[in-house]
Amino acid sequence: REALNHAQAAKVPIIVAINKIDKPGANPEKIKQALAELNLLSEDWGGETMFIQVSALKKVNIDKLLDAILLQAEMLDLKANPSALATGTVLEARLEKGRGPVVSLLVNKGTLKIGDPIVAGKEAGKVKALTNDKGQQVKAAGPGIAVEMLGLESVPNAGERFNVTADDSTAHKISEHRVLKQREKATVSFAKMSFEDLFSKIQTGAVKELGIVLKGDVFGSVEAIRESLNK
């Protein structure tokens, strides 16, 4: 439901793959009914959404699903330049022992290649290895392709944009600039406030709760401060 809400809010087309139709008792019509209640109406019910009945296990109608995706892409005139410097999105990232930061990327534009200098969010590095969805090592990934990549210095956040740059120096400059911007934003967000300012905001109702972090270096000191603040 959450994924559907995001897609509908973004006004992007949706293709529904009804899986496991090979199982005894499979009822695709029940799925259509449930999704119709979420404003997703099948074409054969008078709606605009393509519903493809598939079986991943038995490889049934996978060709029809791929044809539906290609048809939708053609109708929307979706195109990407494979010759540009690669850009895309970080799908997920993790730190693995012996491998370092492992980042799953989806290429939106351009072609990502081994050796490319790259910046993802505020993390920079150089593409050392690429692995496709079948676990095979590849040398490049074009538009619409998802790959696992090794080579970043740290783990970026999921959802961050990644960019391939002209050289290593540019990647590190962009990384440093983004780190600086993040620090500046944090400084503004947590600017110091005097007791007079705080009291004024409480009086006007702008501040209803005061969050306090207590830090102590001796056992029992935090409890003593908490007691005194409560009073």
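Calculation criteria
Residues numbered from 1 in each chain as written. Predicted model: local features only at pLDDT ≥ 70, side-chain atom pairs only at ≥ 80, totals over all residues. Heavy atoms only, no water. Buried < 20%, exposed > 50% of the residue type's maximum accessible area, 1.4 Å probe, protein only. Helix = DSSP H or I, 4+ residues; strand = E, 2+ residues; numbered from the N terminus. Pairing = 2+ DSSP bridges. Core = buried A, V, L, I, M, F, W, Y, C linked by side-chain atoms within 4.5 Å. Contact = heavy atoms within 4.5 Å.

J.: What should I look at first to understand the pairing of strand β7 (residues 123–131) in this one?
T.: In regular strands, side chains alternate between the two faces of the sheet. The element β7 is extensively covered by neighbouring structure, given that 7 of its 9 residues are classed as buried. Of the strand pairs in this sheet, strand β6 (residues 117–120) and β7 are connected by 4 bridges, and their pairing is antiparallel. Along β7, the bridge assignment pairs proline 117 with lysine 126. Pairing between β7 and strand β10 (residues 146–152): 4 bridges, direction antiparallel. Across the sheet, residue glycine 125 finds its bridge partner in β10, namely leucine 152. Where β7 and strand β8 (residues 137–138) come together, 2 bridges link them in antiparallel fashion. Across the sheet, residue leucine 130 finds its bridge partner in β8, namely valine 138. Taking the residues between adjacent antiparallel strands as the criterion, β7 and β8 are bridged by 5 residues, where glycine 135 takes a positive phi near 80°.

J.: How should the nonpolar core be read in this particular structure?
T.: The tendency in soluble globular proteins is for nonpolar side chains to be buried side by side. Counting residues in hydrophobic clusters, the biggest one holds 16 residues, and the most contacted among them are Leu105, Leu112, Ile118, Met149 and Phe162. When residues of this core are traced back to their parent elements, those giving at least two are β4 (100–109), β6, β7, β10 and β11 (161–164). When sequence neighbours within four positions are dropped, the list of residues in contact with methionine 149 reads Pro101, Val102, Val103, Leu105, Ile118, Val127, Ala129 and Leu130. Grouped together as the second largest cluster of nonpolar side chains are 6 residues, Val16, Ile18, Leu40 and Phe51 included.

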